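What follows is each chain in one-letter form.
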Amino acid sequence: HIAMRNVLTNFRALISAIVLGTLLAGCSDGKDSFIPGGFLPIANPLISMPPDEGDISLLTHSFDLGSVGYRQAEYFLEGTASAFTNTSELGMDGFWSAEPGEQAEYKTRIVVYSPIDPADFNGNVLVEWLNVTAGFETPPSWGTGQLEMRRGGSVWVGVSTQLIGIEGSPRALLPLHLKAVNPARYGSLVHPGDSFSYDIFSQVAQALRNPDGIDPLEGLDAERIIAYGESQSAGRLTTYVNAIQPLYNTFDGFMIHSRGDGASSLAQDPLASIPTPNAVLVRTDVSVPVLTFETETDVLLLGYVAARQPDTDLIRAWEVPGTAHGDYYTFVSGRNDDVGDPVFASVVEETSVLGFITCDRPMNNGPHHYVFNRAVRALNTWVETGTPPALSPRLEINDDGSDYIYDDFGNALGGIRTPYVDAPSAILRGEENTGNGFCFLFGTTSLFSAELMASTYGDEAGFVEAVTTATNNAVAADFLLQEDADAIIAWAPEQWRSQTDGE
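Keep in mind that this is a model prediction, so the values were computed, not measured.

What about the pattern of salt bridges?
Applying the stated criterion across every chain, the model contains 22 salt bridges. With a closest N to O distance of 2.8 Å, Asp478 and Arg374 form a salt bridge. In this pair, Asp478 is assigned in the loop between α13 (460-476) and α14 (482-500) and Arg374 in helix α10 (residues 368-385), connecting sequence segments 104 residues apart. When salt bridges that share partners are traced, they join Glu148, Arg151, Arg377, Glu483 and Asp484 into one network.

Overview of the pairing of strand β2 (residues 70-86)
Direction of pairing for strand β1 (residues 46-48) relative to β2: antiparallel, over a ladder of 3 bridges. Counted as the bridge partner of Ser48 is Phe76 from β2. Pairing analysis gives 16 bridges linking β2 to strand β3 (residues 98-115), with the strands arranged antiparallel. Residue pairing for β3: Thr80 is matched across the bridge by Glu105.

Quick notes on a nonpolar patch on the surface
Among the surface-exposed residues, Leu59, Leu174, Leu176, Val181, Leu354 and Phe356 lie close enough to one another that they form a single nonpolar patch of about 450 Å² accessible area. With respect to the element layout, Val181 can be found in helix α4 (residues 178-181).

Regarding the state of the cysteines
According to the stated counting rule, one finds 1 disulfide in the structure shown. Here Cys359 is linked by a disulfide to Cys439, with a sulfur-sulfur distance of 2.1 Å. Judged by the sign of its S-S torsion, about -95 degrees, the bond between Cys359 and Cys439 is left-handed. Pair noted here: Cys359 is in the loop between β11 (357-358) and α10 and Cys439 is in the loop between β12 (426-429) and β13 (444-447), with a separation of 80 residues, a long-range link. Since its relative accessible area comes to 4%, Cys359 is described here as buried. Exposure remark for Cys439: the relative accessible area of 0% places this residue in the buried category.

Some thoughts on the environment of Val467
Within the fold, Val467 resides in helix α13. A relative accessible area of 5% means that Val467 is categorised as buried. Taking the C-alpha atoms as reference, Val467 lies 5.5 Å from Pro419; in sequence the two are 48 residues apart.

A closer look at unusual backbone geometry
Residue Asp269 is joined to Pro270 through a cis peptide bond whose omega torsion reads 15 degrees. The residue Pro270 is located in the loop between β7 (253-257) and β8 (290-295) in this model. Although it is not a glycine, Glu218 sits at a positive phi angle of roughly 50 degrees. Of note in this structure, Asn249 is not a glycine but carries a positive phi near 55 degrees. Note that Asn249 resides in the loop between α7 (232-248) and β7. What makes Asn249 buried here is its relative accessible area of 8%.

Procedures and definitions
- Residues numbered from 1 in each chain as written.
- Predicted model: local features only at pLDDT ≥ 70, side-chain atom pairs only at ≥ 80, totals over all residues.
- Heavy atoms only, no water.
- Salt bridge = Lys/Arg side-chain N within 4 Å of Asp/Glu carboxyl O.
- Helix = DSSP H or I, 4+ residues; strand = E, 2+ residues; numbered from the N terminus.
- Pairing = 2+ DSSP bridges.
- Patch = residues over 30% accessible without salt bridge, like charges linked within 9 Å, V, L, I, M, F, W, Y side chains within 5 Å.
- Areas by Shrake-Rupley, 256 points an atom, 1.4 Å probe, with all protein chains shown as cover.
- Disulfide = S-S within 2.5 Å.
- Buried < 20%, exposed > 50% of the residue type's maximum accessible area, 1.4 Å probe, protein only.

Function cannot be inferred from these measures alone, as they are strictly geometric.
Pasting the structure below:
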């Protein structure tokens, strides 16, 4: 009897292995698999066009996309999405095991910005998990890096991944969620809750890679699909990388933009909550590149320092002094940056975000966007060729971990050096600002007086020389693009004159 039981046990194990292998066979694209036999299949959603009611709703930019060779389009996607449950402890190391659980119907939308001329397309589709912290959707990674995204020829896709973006929140900064802005256009959208957001995001990638029916890319071939998410969306991407990507191998790379120390819950109300640890690393057995981009605000104020980890062949972290989680370029001036005019290298003191957020001190206006442009191109190259980005020094922190170590001007030491901190015209911090809305995330700018400019650089020629040297050093270190460096250097005389009355 014992021998017979052993035979039956072995037979059942064999049958189970055959069935599992049959289910998973063909799902892998040749990359190393986290699941024996391959990856789980991703459902292909039904794609439709939105009603012809009003305009696409998304606060992105103020210039005409057509004038820079891009078009915009919007699509609705619907299907059945899964929530997930963990099958092992969710530890700090990020080595998480999960499986699909409860299912629910959904209907959401995506916004697509793509080159008008197919010959301009570089094969990269950048898929941004839209941020809903304000109670409506914003695309902060697009806002920071849209110049390079377009300049390089990438397609950008913004995904309405979370419930608040569609249905709103009682704590919203403004009632700009989709159903409030245009109920005739967006009234048919249905979101079952954020527990299902991870699978919705996966299904969007599936629809872009292998469209069934309507093609959101209008014939462009998505050779590489890279996920983007900033702030709260970065927290959700961290959970995605650790728990969901190993199941499906959905994306070819990740830009985790301005995360704090933790990661989003695997599931939340109205399902049983599955929280994650207070500090979370990116699992070190990832099979695709993961670039984490951190500002001063993120490392200390938002606690990313607790989640710092060594770089590897597939994991990099960039830390940038003189920057803030949210800044003047991302939310104000960059909305008009169509061709990279040198004026966008300017450092100014501004307290208002488009008139609806006012801070007590001028918000940060540092090098965030220029270094992020380099990160966008570096990640594209990394995914395409396997060549990793440059290794970033870490920001220098004092012994008790309470603050950065600053230079004589008051700018942070360490991290990725740029002319904004090595040939500065201002004190640029990621520190907590005060005021209404989200001012605590916007850092500060304090311009040098005319006297300090003169005592530091002597005259305009001295300032321009210092900026030129620091800018060229940043290009040589591979943290600035040459076209952006040219803009920074071209603006240096104007910066001097604006702070010294031309003297």
